[in-house]
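# Per-entry structural report
Chain by chain, the residues run as shown.
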Amino acid sequence: MVITKSRLVLGATVVTLSTIVVTSLGIHSRGQALFKESPKELVDEVWQIVQRQYVDGTFNQVDWLAVRKEYLSKPYSSQQEAYKSIREMLKKIGDPYTRFMDPEEFKNMQVDTSGELTGIGITISQDEKTKRLVVISPIEDTPAFKAGILSKDVILKIDGKSTEGMDTNQAVSLIRGEAGSQVSLIIQRNGQQKQFDIKRSRIEIHPVKFSQKQTPAGNIGYIRLNQFSANAGKEMQNAINNLESKKVSGYILDLRGNPGGLLFSSVEIARMWLNKGIIVSTINRQGEQEREVANGKALTTKPLVVLVNKGSASASEILSGALQDNKRAVLVGTQTFGKGLVQSVRPLEDGSGLAVTIARYHTPSGKDINKHGIDPDVKVELTEAQLQELWLNERDKLATLADPQFAKAVEVLGKQTANSATSTDKN
């Protein structure tokens, strides 16, 4: 979702509706001058990047060389003509995660490293089968979240304009706007249509919230991780250290509604919980694997339960998959979103940008979770009424015993801590 130190990204197709600071990315005025002379060069630049990096060497059964010939034979007299052709060209691959962004879209693509955004606070994707625009997750405490937007909601209209045939970049352009202005969304949920009128705002996001809780399982640490931003690792470290100082007996890590983020952030956080084992394997189109592993520097070895749901995507799935496969944690909740792909995001010569799917990722046991997600160890479904109550109407009940998924997590954690204490006594 975000440009990382290595430009590897995870998360939704596009994007938290927000702004990004694109500094030190090698966009030069000389390149922009060259582009103005020949828009065709940009078309070819995009083609070449996809040719070199795309994860599938068959380009999803598309004759990519013929595509180059087709689009380079066209005359281009403006940037807009080049942009239109690039989008047409990329659509032929049929991968919504490989996408072009014009300079304005690129600047507004994602939350910057400070964690500040302007928008309504949703992460959206394009369903690969239906091509409809789908909400991955609303970001907690944002206008979209407070208005009642939920994961898996289908966006039918934006300010009265149908989203049929619309890609994610176009949707972002319509939804974003000045703080204080309003956008109207028509949402389809469970076969019914609902209208949401949402006021845009400037939002500061802190990815980690934590607290000490007295429960039937004892004194436990509760940590909620909202997204894998650049500062998530630092905030997670602080949370664990703080709770360790309070002698908690175990932890509940809440990843519900977390749409993902930076690849390095998911690995960094996994290492805080795992002393050994594989965290994730990424596989490129040559079939070569790169593995990220634990480094023996876990901050705690106390029992851990992880809460997940259908809004837990990409980097959330890497972390939960690593903890599950290494038997470090028990997963409670519902099946996760199912995005097992990694994108590289790079700037182009004129200030536009390109995201290309360059790898797939597998969990430590070798599972490819793309389009399926991760199955929890203990399944706890919530009804529509329960979702409405917990996440919208009575937020103070979230992560309390009135929250069925949290209550089950406490129950599971209690058994774990009891077993852990018994093992210690025997030793």
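Quick look at the structure, then. (Residues numbered from 1 in each chain as written. Predicted model: local features only at pLDDT ≥ 70, side-chain atom pairs only at ≥ 80, totals over all residues. Heavy atoms only, no water.)

### What to know about the environment of V43
Along the polypeptide, V43 turns up in helix 2 (residues 39–53). On the basis of relative accessible area, V43 is assigned to the buried category, the value being 1%. The spacing of V43 and K84 is 41 residues in sequence and 9.8 Å in space, taken between C-alpha atoms. If sequence neighbours within four positions are ignored, V43 has contacts with Y71, L72, Y76, A82, I86 and M89. (Helix = DSSP H or I, 4+ residues; strand = E, 2+ residues; numbered from the N terminus. Buried < 20%, exposed > 50% of the residue type's maximum accessible area, 1.4 Å probe, protein only. Contact = heavy atoms within 4.5 Å.)

### A word on the pattern of salt bridges
Taken as a whole and assessed by the stated rule, the structure comprises 16 salt bridges. Residue D141 is joined to K209 by a salt bridge in which the shortest nitrogen-to-oxygen separation is 2.6 Å. With a gap of 68 residues between them, D141 in the loop between strand 6 (133–138) and helix 6 (143–147) and K209 in strand 12 (residues 208–215) connect regions that are remote in the sequence. A salt bridge links R189 to D153; the nearest nitrogen and oxygen atoms lie 2.7 Å apart. Here R189 is found in strand 9 (residues 182–189), whereas its partner D153 is found in the loop between helix 6 and strand 7 (154–158), with 36 residues between them in sequence. On the basis of relative accessible area, D153 is assigned to the buried category, the value being 1%. (Salt bridge = Lys/Arg side-chain N within 4 Å of Asp/Glu carboxyl O.)

### Description of the sheet that holds strand 13 (residues 218–225)
Spatially, 6 strands are ordered 12-13-14-17-18-21 in an open sheet, and the strand pairing comes out mixed. Whereas interior strands pair on both sides, the edge strands pair on one side only; in this sheet they are strand 12 and strand 21 (378–379). When strand 12 meets strand 13, the two strands line up antiparallel, connected through 8 bridges. Considered in strand 13, the bridge of Q212 is made with G221. Relative to the sheet, helix 8 (residues 232–245) contacts strand 12, strand 13 and strand 14 (251–254), its axis offset from that of strand 12 by approximately 20°. (Pairing = 2+ DSSP bridges. Axes fitted to C-alpha atoms, helices over the stretch in contact; angles between N-to-C directions.)

### Side note on helix 4 (residues 79–91)
Taking 1.5 Å per residue, 13 residues should reach 18 Å; helix 4 reaches 18 Å between its end C-alpha atoms and fits that length. Among the residues of helix 4, A82, Y83, S85, I86, R87, M89 and L90 are the ones counted as buried. (Expected span 1.5 Å × (residues − 1).)

### Considerations on the packing of helix 8 against helix 9 (residues 263–273)
It is the contact of helix 8 with helix 9, at a shortest axis distance of 9 Å, that shows an interaxial angle of 15°. By the angle between their axes, helix 8 is roughly parallel relative to helix 9. Remark: the crossing between helix 8 and helix 9 carries right-handed chirality. Contacts between helix 8 and helix 9 pair A232, G233, M236, Q237 and I240 from the former with S265, E268, I269, M272 and W273 from the latter. Looking at the contact of helix 8 with helix 9, its residues break down into 6 nonpolar, 3 polar and 1 charged. (Parallel < 35°, antiparallel > 145°, perpendicular 65-115°, else oblique. Left-handed = near helix turned anticlockwise from the far one by under 90°. Nonpolar A, V, L, I, M, F, W, Y, C, P; charged D, E, K, R; others polar.)

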